[in-house]
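Here are the chains, one letter per residue:
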Amino acid sequence: MNQRLQIGCVFIITHLSLGFLQYPFLVYLLTNTGHWEVVLSQGLLHLILICIYFNGLKYFPNNDVTDIFLKIGRWVAIIVLIPFVFNMTALISLNMRSHTEAINTIFLPRTPSWSVLVLLFVLSVYTAIKGISTILRSSVIIFSLVILLGLFIIITSIVNIDFRNASPVSHVSTNFFLDINFFYFMGFSSFLFLGFVPSRSNNTFRFIFVTWACVMLFFLIFVYIPLFIFGQETVITFPQPVIVAIDTIDTNWFIFNRQTMFFGISLVGFTIIYNAVMLWMIGSIMKKLFKWHESKYWIIAFSLIAIIFSLSVPNQSMNGKYLLWSTGAHVFSMIIIPFSIFIYGVLLGRRVTKNEKKL
């Protein structure tokens with residue numbers, strides 16, 4: 001199967017998994033009109049970072065991010081990548097806790113949340129240990145199934161939509177750029193994994209742009225379906241507006257009488273892939289940085305840290321707050337890693353050019 005297609009599926013899944021629940025609520029906090037402007041502003045900033053990252057990686061065709069930072073210097077690699085590893089661990093933990101609560105609400109209201117959490121972690125760890133090839137192949141299957149379910153959700157939600165609830169459609173002020181929530185909002189991206197996949201995938205920026213456009217389309221759908229159904233004044237009161245909006249759709253005529261059943265299935269698949277990718281990246285980084293033990297041992301160790309942290313969060317409110325802080329910290333990695341690789345690549349390229357001229 002075309003590896004470029006597989007990487008595109010992982011790119012979309014990892015973004016949607018992180019943005020399914022918290023993303024729309026943050027948009028509603030940032031503005032009460034012109035929501036699409038906030039989404040696209042964030043998306044364009046991400047696209048700029050992806051472009052810088054992509055062009056920086058082209059200077060090192062046979063190396064991943066860890067290899068590149070080790071070329072810069074071992075201590076530089078440790079200083080930059082170790083905080084990135086621990087932040088990914090926090091994101092895995094908090095994202096898993098959010099999805100577990102949603103799955104309990106939809107499927108298993110009487111089941112202890114810790115048992116669902118442990119099960120999802122076991123599946124994620126097993127997938128991560130099997131390696132990136134397994135993750136890429138699995139992502140295509142899960143993405144194909146979820147896209148069909150997503151289309152079903154969108155089509156059946158039309159009966160409850162009132163387009164007037166989203167008016168006015170434009171936003172005059174750009175004050176949302178100065179809001180701290182916009183900074184947290186920027187962290188809902190996981191494009192850094194592109195620097196860890198095998199170089200033989202031959203990704204092109206055109207293909208990455210197409211997958212980015214798909215992500216933006218999904219984010220707009222997540223934001224506007226609850227908005228069309230409830231309106232700004234009501235939807236801002238829901239911490240998880242997408243679940244509430246989907247649960248209002250009547251599907252008694254279908255085999256599943258709750259629309260959220262489909263949403264819950266999507267959550268399970270996307271969560272496993274997202275966590276598996278992040279854990280695989282952690283294992284790859286730690287193995288190369290310290291050259292001690294196989295990556296699977298690092299994956300197991302950090303997954304245990306993640307699950308302990310996830311279980312120690314007292315409630316969903318605190319989990320949401322910690323998740324925002326983690327996404328804010330993730331923004332620093334999203335800026336530092338692409339710019340460092342790009343600047344080092346440019347300087348290295350100039351040095352090579354000067355040496356060639358001398359010869």
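One can find the structure itself at the top, above this paragraph.
Residues numbered from 1 in each chain as written. Predicted model: local features only at pLDDT ≥ 70, side-chain atom pairs only at ≥ 80, totals over all residues. Heavy atoms only, no water.

1. So, the overall build of the protein
Next up, step 1: Assigned secondary structure in the protein consists of 14 helices and zero strands.
Next up, step 2: For the protein, the N- to C-terminal ordering of α and β elements is α-α-α-α-α-α-α-α-α-α-α-α-α-α.
Next up, step 3: Put simply, the protein has 359 residues, and 55% of those count as buried.
Next up, step 4: Contacts spanning at least 24 positions in sequence make up 84% of the contacts within the protein whose residues lie at least 6 apart.
Next up, step 5: Only carbon and sulfur atoms are counted for the fraction: they give 67% of the accessible area of the protein, which is about 16400 Å². (Helix = DSSP H or I, 4+ residues; strand = E, 2+ residues; numbered from the N terminus. Buried < 20%, exposed > 50% of the residue type's maximum accessible area, 1.4 Å probe, protein only. Contact = heavy atoms within 4.5 Å. Areas by Shrake-Rupley, 256 points an atom, 1.4 Å probe, with all protein chains shown as cover.)

2. Looking at the pattern of salt bridges
Two side chains bearing opposite charge may form a pair once their charged atoms approach each other closely.
Next up, step 1: The full count for this structure, using the stated rule, is four salt bridges.
Next up, step 2: A salt bridge links Lys287 to Glu294, with the shortest nitrogen-to-oxygen separation between them at 3.5 Å.
Next up, step 3: On the accessibility criterion, Lys287 (34% relative accessible area) is partly exposed.
Next up, step 4: Taken together, the salt bridges that share partners define one network made up of Asp64, Asp67 and Lys288. (Salt bridge = Lys/Arg side-chain N within 4 Å of Asp/Glu carboxyl O.)

3. Observations concerning the nonpolar core
Next up, step 1: Grouped together as the largest cluster of nonpolar side chains are 114 residues, with contacts concentrated most on Tyr53, Leu81 and Ile337.
Next up, step 2: If near-sequence neighbours (up to four positions away) are discounted, Leu81 is found in contact with Val65, Thr66, Phe69, Ile285, Leu289 and Ile337. (Core = buried A, V, L, I, M, F, W, Y, C linked by side-chain atoms within 4.5 Å.)

4. Considerations on the side chain of His46
Next up, step 1: Mapped onto the elements of the fold, His46 is located in helix α3 (residues 35-57).
Next up, step 2: Here Met186 takes part through its backbone oxygen, which lies 2.6 Å from a polar atom of the side chain of His46.
Next up, step 3: Residues within four places of His46 in sequence aside, it is in contact with Met186, Phe188, Ser189 and Met334. (Polar contact = N/O pair within 3.5 Å; in protein donor to acceptor, adjacent residues only side chain to side chain.)

5. Examining the packing of helix α6 (residues 113-130) against helix α13 (residues 295-312)
Next up, step 1: Following both chains from N to C, one finds α6 and α13 inclined at 160°, their axes separated by 10 Å at the closest point. With respect to each other, α6 and α13 are oriented roughly antiparallel. Crossing geometry of α6 relative to α13 is assigned as right-handed. Contacts from Trp114, Leu117, Val118, Phe121, Val125, Ala128 and Ile129 in α6 reach Lys296, Ile299, Ile300, Ser303, Ala306, Ile307, Ser310 and Leu311 in α13.
Next up, step 2: A breakdown of the residues in the contact of α6 with α13 according to their chemical character gives 12 nonpolar, two polar and one charged. (Axes fitted to C-alpha atoms, helices over the stretch in contact; angles between N-to-C directions. Parallel < 35°, antiparallel > 145°, perpendicular 65-115°, else oblique. Left-handed = near helix turned anticlockwise from the far one by under 90°. Nonpolar A, V, L, I, M, F, W, Y, C, P; charged D, E, K, R; others polar.)

6. Some words on the packing of aromatic side chains
Next up, step 1: Applying the stated rule across the entire model yields 16 aromatic pairs.
Next up, step 2: Judged by centre distance (5.8 Å) and plane angle (65°), the ring pair of Tyr53 and Phe191 falls under edge-to-face. You can see Tyr53 sitting in helix α3 and its partner Phe191 sitting in the loop between α8 (180-186) and α9 (205-230), a full 138 residues away along the chain.
Next up, step 3: Measuring from ring centre to ring centre gives 5.6 Å for Phe60 and Tyr344, while their planes differ by 5°; the resulting arrangement is stacked. Residue Phe60 is found in the loop between α3 and α4 (65-72), and its partner Tyr344 is found in helix α14 (residues 316-358); the two are separated by 284 residues along the sequence. A single burial state applies to Phe60 and to Tyr344, both of which are buried.
Next up, step 4: Connected via pairs of aromatic rings, a cluster forms that spans Tyr23, Phe182, Phe185, Phe188, Phe219 and Phe222. (Phe/Tyr/Trp six-rings, centres within 6.5 Å; stacked < 30°, edge-to-face > 60°.)

7. Looking at the state of the cysteines
Next up, step 1: In total, this model carries zero disulfides according to the counting rule given.
Next up, step 2: Unpaired in terms of disulfides, Cys214 finds its nearest cysteine sulfur in Cys9, a separation of 9.6 Å. (Disulfide = S-S within 2.5 Å.)

8. Observations concerning the side chain of Thr89
Next up, step 1: Mapped onto the fold, Thr89 is located in helix α5 (residues 74-106).
Next up, step 2: Judged by relative accessible area, Thr89 falls into the buried class, the value being 5%.
Next up, step 3: Within the structure, Thr89 has its side chain in polar contact with the backbone oxygen of Val85 (distance 2.9 Å).
Next up, step 4: If near-sequence neighbours (up to four positions away) are discounted, Thr89 is found in contact with Ile282, Phe302, Ile305 and Ala306.

9. Some words on the environment of Leu47
Next up, step 1: Along the polypeptide, Leu47 turns up in helix α3.
Next up, step 2: Take Leu47: its relative accessible area is 14%, and that puts it in the buried class.
Next up, step 3: Remark: the alpha-carbon pair of Leu47 and Phe209, spanning 162 residues in sequence, is separated by 7.8 Å.
Next up, step 4: Those residues within four positions of Leu47 in sequence are excluded, and the remaining contacts are Phe205, Phe209 and Trp212.

10. Section: the packing of α3 against α9
Next up, step 1: At their nearest, the axes of α3 and α9 sit 10 Å apart, and the two run at 160° to each other. The angle between α3 and α9 falls in the class roughly antiparallel. Note on packing geometry: the crossing formed by α3 with α9 is right-handed. Between α3 and α9, the contacting residues are His35, Trp36, Val39, Gln42, Gly43, Leu44, Leu47, Ile50, Cys51 and Phe54 on the first element and Phe205, Ile208, Phe209, Trp212, Met216, Phe219, Leu220, Val223, Tyr224 and Leu227 on the second.

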